[in-house]
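What follows is each chain in one-letter form.
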Amino acid sequence: MSAPEENVYQLIVVGAGMIGSAAAYHASLIPNTSVCLVGPAEPKCRKGREIFGCWYDEGRLCYRVSGTPTWSTLASESLYRYRELEKLTGINFFIESGHVYATSEKGRWENRLKLSKKYAPDIEDITKTWMNIFTFFNLPEDVYITYEKSIAGHLSPRNLVQAHQTAAQMHGAQIVRKIVSTVVPSKSDAYKWDVMTECGTVLRGHRVLVAVGAYAALKPLFQHVCPNLVPQLALMAQTVAYLHVGEEEAQRLKLMPSLNIESSFGKLDGAYILPPIKYPDGKWYLKLGHGDAYEQRKTTLDEVKDWYIQQSGSPECMNELAKYLCHILPGLKVEKVTADGCLTSDTPTREPYIEVVAEGFGLALGGNGCGAKSCDEIGRLAAHLVILGEWESEIPKERLKTIWEPSQL
């Protein structure tokens, strides 16, 4: 049995979220490479859906210096390319508002300063001067603080996904808005893999890259390359709070940077905070999320589905986050507080998986809560590895090998 060559893609990317869309774009830049990106669009209504993405939002932190060389490399390489992607597509997603990192752990602060010499030499130590720069903040007295003034701030994951997909299409990639059920070896000698969708469509490809986030642990996508195994991922439910403010408050805080605070307050062990962002409903919101406190591990597809569908997160966590933000921004005039839930896919190493696990079969998984700002470089590395067999990074490839565990599917 054979298939016409024109119906066979050089690469099929399974998963049309942040990492998958980035991978499809970078694959489309490789000469003579036909690319198909397959995955559903954001639903207008979550009820009735089983598959969701962590990119259904307008705000994610972005900054170059993270706690490790791996994430600092992935983030900085991505951020340096984002203006080029905006220019190419005409889609704006990166707001260069700057980023402040505050921690009560001196060793963590010193590590950031050390890493900044390579990844962000313009970073500033504002531990003693922050009050003169950000008069609207009320930060803890016992914290050490760094400030990335440029090439840092926040981004819109919705627009970032749209930009990567638009750029991929500009270079000939096809997008199929369907949900993949499994990937099986082809019975044809003309191509390697059949990608099966839930509605019965079969996509044919020489190579496959799986970038489905949490669903790598919940769907039988690897049964023919690693039988009875799935990538080891801890699926951690997160609550995010949205504090609606009026136009006047949004303008008062227009110079506010994004903020990471590693310091306890009430039941929280810290928080990340974004400046006012105008959402599609035309209203301004300050968004914030928690640290390890209030994380809830999910282990089944039904648990993940219910978490996304309820669209409320943890009410207790929402209240704690709202109190925290009103403490950090004294006098904040809040009109309404709402919450939502999302999910992070955490690896045991706290670093992503990027690997070819069988001939013509690769994966890019494990955002560990850092995937948005770093997805462009993760996607590029994965695309080049699967298609060309090349690894162009200072990160040792062996660091990002997949850890497997027995499948319960």
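Quick note: structure is the one above.
Please read all numbers here as calculations on a predicted model, not as lab measurements.

### Concerning the overall build of the protein chain
- On a plain count of helices and strands, the protein chain comes out with nine helices and 25 strands.
- Computed over the C-alpha atoms, the radius of gyration of the protein chain is 21 Å, within 12% of the 22 Å expected from 2.2 N^0.38 for a compact globule of 409 residues.
- In terms of overall dimensions, the protein chain has a C-alpha envelope of 70 × 45 × 40 Å along the principal axes.
- Counting all 409 residues of the protein chain, 59% fall into the buried class.
- In the protein chain, 74% of the contacts between residues at least 6 apart in sequence involve partners at least 24 apart.

### With respect to the pairing of strand 16 (residues 234-245)
- Burial analysis of strand 16 places 12 of its 12 residues in the buried class, which makes it a mostly covered element.
- Burial along strand 16 is two-sided: the residues Ala234, Met236, Gln238, Val240, Tyr242 and His244 and Leu235, Ala237, Thr239, Ala241, Leu243 and Val245 are all buried.
- Pairing of strand 16 with strand 22 (residues 336-346), which is carried by 11 bridges, proceeds in the antiparallel orientation. Among the inter-strand pairings, His244 is bridged to a residue of strand 22, identified as Lys336.
- Strand direction decides the pairing type here: strand 16 and strand 21 (residues 296-298), joined by three bridges, are antiparallel. The residue bridging Ala237 from the neighbouring strand is Gln296, located in strand 21.
- The pairing of strand 16 with strand 20 (residues 284-290) spans six bridges and is antiparallel.

### Examining the side chain of His164
- You can see His164 is positioned in helix 5 (residues 157-170).
- With relative accessibility at 0%, the residue His164 sits in the buried group.
- The residues touching His164, leaving out its near neighbours within four places in the chain, are Met18, Ser21, Ala22, Tyr25, Tyr82, Leu85, Cys375 and Asp376.

### Here we look at the sheet that holds strand 1 (residues 8-9)
- The sheet built from four strands is open, its strands ordered 1-13-12-11 with mixed pairing. Looking at strand neighbours, the two that pair on one side only are strand 1 and strand 11 (180-185), the edges of this open sheet.
- With four bridges joining them, strand 12 (residues 193-197) and strand 13 (residues 202-205) adopt antiparallel strand pairing. From the neighbouring strand, Met196 faces strand 13, where its bridge partner is Val202.

### Considerations on the nonpolar core
- Membership of the largest hydrophobic core comes to 96 residues, with the highest contact counts inside it found for Val14, Tyr215, Phe222 and Phe361.
- With nine residues, the top contributor of residues to this core is helix 9 (residues 371-388).
- Non-local contacts of Phe361, meaning those with residues more than four positions away in its chain, are made with Val183, Trp193, Val208, Val210, Leu221, Phe222, Val225, Glu355 and Val356.
- Among the nonpolar cores identified, the runner-up in size contains 37 residues, and Val100, Val143, Ala322 and Leu332 belong to it.

### Observations concerning helix 7 (residues 301-310)
- Within helix 7, the full set of buried residues consists of Leu301, Val304, Trp307 and Tyr308. What you see down the axis of helix 7 is that its buried residues fit within an arc of 130°, all on one side.
- For helix 7, the secondary structure elements touched by its buried residues are strand 16, strand 21 and strand 22.
- With its phi angle positive at about 50°, Gln311 sits one or two positions after the end of helix 7.

### Let's talk about the pattern of salt bridges
- Going through the model one piece at a time under the given rule, you end up with 26 salt bridges.
- Here Arg81 and Asp376 are joined by a salt bridge, their closest N and O atoms 2.6 Å apart. Of this pair, Arg81 sits in helix 2 (residues 69-89) while Asp376 sits in helix 9, and the two are 295 residues apart along the sequence.
- According to the relative accessible area criterion, Asp376 is buried, its value standing at 2%.
- Residue Glu96 is joined to Arg83 by a salt bridge in which the shortest nitrogen-to-oxygen separation is 3.3 Å. Of this pair, Glu96 sits in the loop between strand 5 (94-95) and strand 6 (99-103) while Arg83 sits in helix 2; the two residues are 13 residues apart in sequence, bridging distant segments of the chain.

Thresholds, definitions, all that
Residues numbered from 1 in each chain as written. Predicted model: local features only at pLDDT ≥ 70, side-chain atom pairs only at ≥ 80, totals over all residues. Heavy atoms only, no water. Helix = DSSP H or I, 4+ residues; strand = E, 2+ residues; numbered from the N terminus. Rg over C-alpha atoms; globule rule 2.2 N^0.38 Å. Buried < 20%, exposed > 50% of the residue type's maximum accessible area, 1.4 Å probe, protein only. Contact = heavy atoms within 4.5 Å. Pairing = 2+ DSSP bridges. Core = buried A, V, L, I, M, F, W, Y, C linked by side-chain atoms within 4.5 Å. Arc of directions from axis to C-beta. Salt bridge = Lys/Arg side-chain N within 4 Å of Asp/Glu carboxyl O.

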